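Next come the chains, spelled out residue by residue.
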Amino acid sequence: MGYNTEQKNLIIKCFETNKDSQLGASDVLSFLAANNTKVGLATIYRNLESLEKEGKIKKFIDVSGRQGIWQYNSGHCGQHYHLKCFDCGKVIHLECEIVENLENHIGKEHGFAIDREKTIFYGRCDLCASKKC
């Protein structure tokens with residue numbers, strides 16, 4: 001499983017502190033700097049890869065399709081979908097029967113199995129949507 005360094009433990013703490021957010025390497029870098037830990041991006045990426053292999057965090061691709069983002073793995077996120085706000089980045093765990101019905105329909109009628117762990121619905125949360133008006 002690899003060994004834990006002080007840097008790796010701080011990266012884990014970063015994700016535990018931000019359980020409902022998806023973080024990029026620059027977010028982790030900022031967290032470490034705020035905790036008086038100077039680390040290069042290469043070290044951060046190496047630790048992110050290690051933590052992903054250990055199952056402590058999960059990797060996603062951002063909305064642009066070009067950049068990796070990671071989220072703390074609480075162990076139950078493969079059982080539901082997620083909503084992510086374009087503006088603030090908030091992630092909402094979506095446990096809703098209607099979406100499960102949609103998943104069943106897509107499977108039966110279209111012969112397609114949706115991967116819950118990788119599927120994210122993007123939009124705006126109530127707070128950010130109200131700021132746009």
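Residues numbered from 1 in each chain as written. Predicted model: local features only at pLDDT ≥ 70, side-chain atom pairs only at ≥ 80, totals over all residues. Heavy atoms only, no water.

1. With respect to the side chain of threonine 119
Right, on to step 1. One can find threonine 119 in the loop between helix H4 (97-110) and strand S5 (120-123).
Right, on to step 2. Within the local environment of threonine 119, its side chain forms a polar contact with the backbone oxygen of aspartate 115, the two atoms lying 2.6 Å apart.
Right, on to step 3. With residues near it in sequence (within four places) discarded, threonine 119 still touches Tyr81, His82 and Ile114. (Helix = DSSP H or I, 4+ residues; strand = E, 2+ residues; numbered from the N terminus. Polar contact = N/O pair within 3.5 Å; in protein donor to acceptor, adjacent residues only side chain to side chain. Contact = heavy atoms within 4.5 Å.)

2. Quick word on the sheet that holds strand S4 (residues 91-94)
Right, on to step 1. One open sheet accounts for three strands, arranged S4-S3-S5; its pairing is mixed. Two strands close off the open sheet at either side, each with one partner strand: S4 and S5. Each strand axis lies, on average, 25 degrees off the axis of its neighbour in the sheet, ignoring direction.
Right, on to step 2. Looking at chain direction, strand S3 (residues 81-85) and S5 are connected through four bridges and run parallel. Residue leucine 83 lies in a different strand from S5, and its bridge partner there is phenylalanine 121. (Pairing = 2+ DSSP bridges. Axes fitted to C-alpha atoms, helices over the stretch in contact; angles between N-to-C directions.)

3. Comments concerning helix H3 (residues 41-53)
Right, on to step 1. Taking 1.5 Å per residue, 13 residues should reach 18 Å; H3 reaches 18 Å between its end C-alpha atoms and fits that length.
Right, on to step 2. Each element contacted by the buried residues of H3 is listed here: helix H1 (6-17), helix H2 (25-34), strand S1 (57-61) and strand S2 (68-72).
Right, on to step 3. Just beyond H3, the residue with positive phi is glycine 55, at close to 85 degrees. (Expected span 1.5 Å × (residues − 1).)

4. Topic: the pairing of S3
Right, on to step 1. The element S3 is extensively covered by neighbouring structure, given that four of its five residues are classed as buried.
Right, on to step 2. Sheet topology note: the S3/S4 ladder contains four bridges and is antiparallel. By the bridge assignment, lysine 84 is partnered in S4 with valine 91.
Right, on to step 3. Following S3, the chain reverses through five residues before pairing antiparallel with S4; glycine 89 in that reversal takes a positive phi of roughly 85 degrees. (Buried < 20%, exposed > 50% of the residue type's maximum accessible area, 1.4 Å probe, protein only.)

5. Focus: the nonpolar core
Right, on to step 1. With 17 residues, the main nonpolar core has Ile11, Phe15, Val28, Leu32, Ile44, Leu48 and Ile57 as its most contacted residues.
Right, on to step 2. Breaking this core down by element, the ones donating at least two residues are H1, H2, H3 and S2.
Right, on to step 3. Top contributing element to this core by residue count: H1, with five residues. (Core = buried A, V, L, I, M, F, W, Y, C linked by side-chain atoms within 4.5 Å.)

6. Things to note about the confidence of the model for the chain
Right, on to step 1. Chain-level pLDDT for the chain is 86 on average; 93% of the residues reach the 70-or-more range.
Right, on to step 2. Confidence scores differ between elements of the chain, with S4 showing the lowest mean pLDDT of 81 and H3 the highest of 94. (pLDDT = per-residue confidence, 0-100.)

7. What to know about unusual backbone geometry
Right, on to step 1. Backbone geometry places asparagine 36, a non-glycine residue, at a positive phi of 55 degrees.
Right, on to step 2. Within the fold, asparagine 36 resides in the loop between H2 and H3.
Right, on to step 3. Classification of asparagine 36 as exposed rests on a relative accessible area of 75%.

8. Overview of the packing of H1 against H3
Right, on to step 1. Between H1 and H3, the shortest axis-to-axis distance is 10 Å and the interhelical angle comes to 70 degrees. Comparing the axis directions of H1 and H3 gives the class roughly perpendicular. Note that H1 runs across H3; the crossing there is right-handed. Contact residues: H1 offers Gln7, Lys8, Ile11, Ile12 and Phe15, while H3 offers Thr43, Ile44, Asn47, Leu48, Ser50 and Leu51.
Right, on to step 2. Split into classes, the residues belonging to the contact of H1 with H3 amount to six nonpolar, four polar and one charged. (Parallel < 35°, antiparallel > 145°, perpendicular 65-115°, else oblique. Left-handed = near helix turned anticlockwise from the far one by under 90°. Nonpolar A, V, L, I, M, F, W, Y, C, P; charged D, E, K, R; others polar.)

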